[in-house]
Amino acid sequence: MNTMNSLRALLVATVVAMPALAVAPSGPAPQFKLNSMAGKPVSLDQYKGQVVMINFWASWCGPCRTEMPLLERLHAKYKPMGFTMIGVNVEPDSTLAADWLKTTPVTFPILFDTKSDVSKLYAVSGMPSTVIVDRSVTMISTPGEPAAVLIEHRDVTEEVRRAEQEQSVRDM
């Protein structure tokens, strides 16, 4: 019986640790390319030099729908400072998201992860889930937190301002 309990404990520890092992909060952000709502492929790498907030969401998720207007306001406010929001819809049927966005339009890119490849790459385990990537494409937050929590507990504006200052210095 002790062997069974030990195996059970090892299994639970492994499952709990897997997301933490998959993506380190201070390591390079996993690269991806997904089709956008506009029908064009979009990659994370094309946003190098900007602070990027990646928000994993689904149209059936109440908290996702609630925070979408907040994400739009955040994107509009900080876009001039080198900030980009990317919405990654995780539904197998992207028409559900496209239909929902007709009533709640956003100006930031919406990408479709219909096979959950990117969600798995980032070890996303629930919706909504948000990751912040700095200007050098390094993760500065772990997946799993809603955007509102990240905004409250992390100074996104400080990272955006730092990127803006560095760009000003390079432009001199």
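Here, every reference points to the structure presented above.
About the cut-offs
- Residues numbered from 1 in each chain as written.
- Predicted model: local features only at pLDDT ≥ 70, side-chain atom pairs only at ≥ 80, totals over all residues.
- Heavy atoms only, no water.
- Disulfide = S-S within 2.5 Å.
- Buried < 20%, exposed > 50% of the residue type's maximum accessible area, 1.4 Å probe, protein only.
- Pairing = 2+ DSSP bridges.
- Helix = DSSP H or I, 4+ residues; strand = E, 2+ residues; numbered from the N terminus.
- Core = buried A, V, L, I, M, F, W, Y, C linked by side-chain atoms within 4.5 Å.
- Contact = heavy atoms within 4.5 Å.
- Lys, Arg positive; Asp, Glu negative; His and termini not counted.
- Salt bridge = Lys/Arg side-chain N within 4 Å of Asp/Glu carboxyl O.
- Arc of directions from axis to C-beta.

Engineer: For this particular structure, what's the right way to read the state of the cysteines?
Structural biologist: One covalent bond between the sulfur atoms of two cysteine residues makes up a disulfide. Summed over the entire model, instances satisfying the criterion amount to one disulfide. Across the disulfide from cysteine 61 sits cysteine 64; the S-S distance is 2.4 Å. Because the torsion about its S-S bond is 80°, the bridge between cysteine 61 and cysteine 64 counts as right-handed. Across this residue pair, the class does not change: cysteine 61 and cysteine 64 are buried.

Engineer: I would appreciate a short explanation of the pairing of strand S1 (residues 33-36) in the present structure.
Structural biologist: Note on strand geometry: in a regular strand, side chains alternate between the two faces of the sheet. One ladder, built from three bridges, connects S1 with strand S2 (residues 41-43); its direction is antiparallel. Each bridged residue has a counterpart across the sheet, and for leucine 34 the counterpart in S2 is valine 42. Hairpin geometry of S1 and S2 is characterised by an intervening segment of four residues between the two adjacent antiparallel strands and by a positive phi of about 90° at glycine 39. In terms of strand pairing, S1 meets strand S5 (residues 110-112) through two bridges, oriented antiparallel. Note on S5: the bridge partner recorded for asparagine 35 is phenylalanine 112.

Engineer: Is there a simple way to think about the pairing of strand S6 (residues 129-133) in this case?
Structural biologist: Counted residue by residue, S6 has five buried out of five residues, so it is predominantly covered. Taking every second residue as pointing to the same face, both faces of S6 are buried, with Ser129, Val131 and Val133 on one and Thr130 and Ile132 on the other. Sheet topology note: the strand S3 (residues 51-57)/S6 ladder contains five bridges and is antiparallel. Among the inter-strand pairings, methionine 53 is bridged to a residue of S6, identified as isoleucine 132.

Engineer: Is there a simple way to explain the nonpolar core in this structure?
Structural biologist: A general feature of soluble globular proteins is that nonpolar side chains tend to end up buried together. Phe32, Leu44, Ile54, Phe56, Trp57, Tyr122 and Val133 are the most contacted members of the largest nonpolar core, which has 41 residues in total. When contributions to this core are tallied by element, the ones reaching two or more residues are S3, helix H2 (62-78), strand S4 (83-89), helix H3 (94-103), S5 and S6. Per-element accounting of this core gives the leading share, six residues, to S3. Beyond its immediate sequence surroundings of up to four residues, phenylalanine 56 is in contact with Val88, Val90, Val118, Ser119, Tyr122, Val124, Met127, Pro128, Ser129 and Val131.

Engineer: Can you help me understand the side chain of glutamate 72 in this one?
Structural biologist: Along the polypeptide, glutamate 72 turns up in helix H2. One buried charged side chain, glutamate 72, makes no salt bridge at all; its nearest oppositely charged neighbour is lysine 79, positioned 8.7 Å away. When residues no more than four places from it in sequence are discounted, the contact partners of glutamate 72 are Val106, Thr107 and Phe108.

Engineer: Before we go on, may I ask you to explain H3 in this structure?
Structural biologist: An α-helix turns once per 3.6 residues; consequently, residues spaced three or four apart project the same way. Of the residues making up H3, those classed as buried are Ala97, Trp100 and Leu101. What you see down the axis of H3 is that its buried residues fit within an arc of 100°, all on one side. In H3, the exposed positions that point more than 90 degrees away from the buried face belong to Lys102 and Thr103.

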